[in-house]
Amino acid sequence: MTFDLLLKGGHFIDPANNIDTPRDLAIRDGKVAAVDTDIPATSAAKVIDMTGLIVTPGFVDIHTHMFASSGFRDAWAGDRSVLPDGFSFRSGVTTMVDTGSAGWRMFEDFRYNVLDRFETRMFAFLNIVGMGMVSNDLEQNQADMQVDRAVAMGREHEDLIVGMKTAHYVGPEWTTVDRMLEAGRALGKPSMVDFGLFPKQRPYYELVTQRMSAGDITTHMYLGDVPWIGADGKVLKYLYEARERGIIFDVGHGGGSFYWRNAVPAIEQGFYPDSISTDLHTWCMNDEMQDMTNVMSKFLAIGMPLEEIVRESTTNPAREIGHPELGHLSIGAVADVTALSILEGDFGYLDVRQGRVQGKQRLRCELTLLEGQLMWDFNGRTGTDWRELDEFYGVRNPEGLIMPPGEGGASK
Ligand SMILES: [Zn+2]
């Protein structure tokens, strides 16, 4: 056998390699070993029939909240976070990035309790606030926004920390943004801004056209408080200007940051997100956001091409966090793979204020592989008809399989 596993007969979308066509995918030692039109089934120890499925790189969700073990009540870094494995693979996600749940005071706890555990591939943005996302009050504490401490923590944990983050600051000054950017630049890594509110002293346009630099990320791009559309119905010029400067626009759907009135005209006019992310936390996952495939389905419903949706859920976010080795299925790349079906029917999609879009398609995650290992199999495709299995499959100790007297003949 040449290969460990062969995914045969699927439609292959790998935007990093400009492939959007039927292809077989063979895996050996957890890596992509071959991508070709007709790889013989006899060449692999195991073959999965992918007929009717879309095969893509595993999704990279760069906005999640995974510090569920911090112990803080009602905190994003606490009761509103989720541990990753229960939510990742079932929605096609193989890499999750926590966005600033922990700051420099809490990061070691976060690493010990979450990032060093679980099978999902994980990274984190470090909050410029030492206490991270524990309470709205503490997120305003300028004394806790210490550049030197953040940079030291970022260097010590450079294997996991992919950038800096500031969130939920409501004051009129740019202090928190400036300190985060200073730390991010010192680390040579991107900074992500997550604000729900923009006081008139520090408007959004100034953030993206003047403060942030190329590679920095504005998440919650479709926020209600971000000006998107002018009186002429066109996407505003400053957004193109920001994109021209290299500012990254990330979806970060969440519980309060996704409005059709911004997203629909932008998509119609071809202003696509750079990356699609969920802002996964306990509120939004049980509300309009749901999960990664639901957010991706929303973009399908408003007319974005599937290849673009996959690009913005795989190779783009991987590059944004400085991990270009992820998010594609080049030969030799790690075999993080997702397979989707496209359901046809009548489906409804809500924004965060119950605005609704009717769609004809929905993406469903069928299979997820992490480093070539099967992590999710929605329809049992990798199984065998039970009647074809051994007579006593599942019996661990045949000698203990004693039949009651008079029943079932001889005991086995
Ligand atoms: Zn968030």
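Figured I'd write up the structure that's included with this text. (Residues numbered from 1 in each chain as written. Predicted model: local features only at pLDDT ≥ 70, side-chain atom pairs only at ≥ 80, totals over all residues. Heavy atoms only, no water.)

1. A short note on the packing of helix α4 (residues 204–211) against helix α5 (residues 237–244)
Phase 1: Direction vectors running N to C along α4 and α5 enclose 30 degrees, while the axes themselves pass 9 Å from each other. Here α4 lies roughly parallel to α5, going by the angle between them. Relative to α5, α4 is oriented so that their crossing is left-handed. Here α4 contributes Tyr 204, Tyr 205, Val 208 and Thr 209 to the contact with α5, which in turn contributes Tyr 238, Leu 239, Glu 241 and Ala 242. (Axes fitted to C-alpha atoms, helices over the stretch in contact; angles between N-to-C directions. Helix = DSSP H or I, 4+ residues; strand = E, 2+ residues; numbered from the N terminus. Parallel < 35°, antiparallel > 145°, perpendicular 65-115°, else oblique. Left-handed = near helix turned anticlockwise from the far one by under 90°. Contact = heavy atoms within 4.5 Å.)

2. Regarding the coordination of the zinc ion
Phase 1: At the metal site, the zinc ion is ligated by His 63 (NE2), His 65 (NE2) and Asp 279 (OD), and these contacts range over 2.1 to 2.2 Å.
Phase 2: Each donor residue of the zinc ion belongs to the same chain, with the gaps between them written as H-x1-H-x213-D. Note that His 63 is positioned in strand β6 (residues 59–64) and Asp 279 in the loop between α6 (260–268) and α7 (292–301), a separation of 216 residues in sequence. For the residue pair His 63 and Asp 279, the accessibility class agrees, reading buried in each case. (Donors = N, O, S within 2.8 Å, 3.2 Å for Na, K, Ca; no water. Buried < 20%, exposed > 50% of the residue type's maximum accessible area, 1.4 Å probe, protein only.)

3. Some thoughts on the pairing of strand β9 (residues 161–167)
Along a regular strand, successive side chains alternate from one face of the sheet to the other.
Phase 1: Of all 7 residues that make up β9, 7 are buried, and the element is covered over most of its length.
Phase 2: The pairing of strand β8 (residues 121–127) with β9 spans 4 bridges and is classified as parallel. Bridge pairing in β9 links Ala 124 to Ile 161.
Phase 3: Of the crossover connections in this fold, the one passing from β8 over helix α2 (residues 147–156) to the parallel β9 is right-handed.
Phase 4: Judged from the 4 bridges that link them, β9 and strand β10 (residues 191–194) form a sheet pairing that is parallel. Across the sheet, Met 164 pairs through a bridge with Ser 191, a residue of β10.
Phase 5: What joins β9 to β10 is helix α3 (residues 175–187), and the crossover it makes is right-handed. (Pairing = 2+ DSSP bridges. Right-handed = clockwise from strand over helix to strand, strands pointing away.)

4. Section: the sheet that holds strand β11 (residues 217–218)
Phase 1: Within the open sheet, the 7 strands sit side by side as β6-β7-β8-β9-β10-β11-β12. Their pairing is parallel. Only two strands of the sheet have a single neighbouring strand rather than two, namely β6 and β12 (248–249).

5. A closer look at helix α1 (residues 107–115)
Phase 1: Buried residues of α1: Phe 107, Phe 110, Arg 111, Val 114 and Leu 115, and no others. Projected down its long axis, α1 carries its buried residues within an arc of 105 degrees, all on one side.
Phase 2: Elements that come into contact with the buried residues of α1 comprise β7 (93–103), β8, α2 and β9. (Arc of directions from axis to C-beta.)

6. Quick word on the nonpolar core
Phase 1: Ranked by internal contacts, the top residues of the largest apolar core, which has 87 residues, are Phe 107, Tyr 222 and Phe 299.
Phase 2: Each residue touching Phe 107, except ones within four places of it in the same chain, is listed here: Ala 102, Leu 115, Ala 124, Leu 126, Met 153, His 157, Leu 160 and Ile 161. (Core = buried A, V, L, I, M, F, W, Y, C linked by side-chain atoms within 4.5 Å.)

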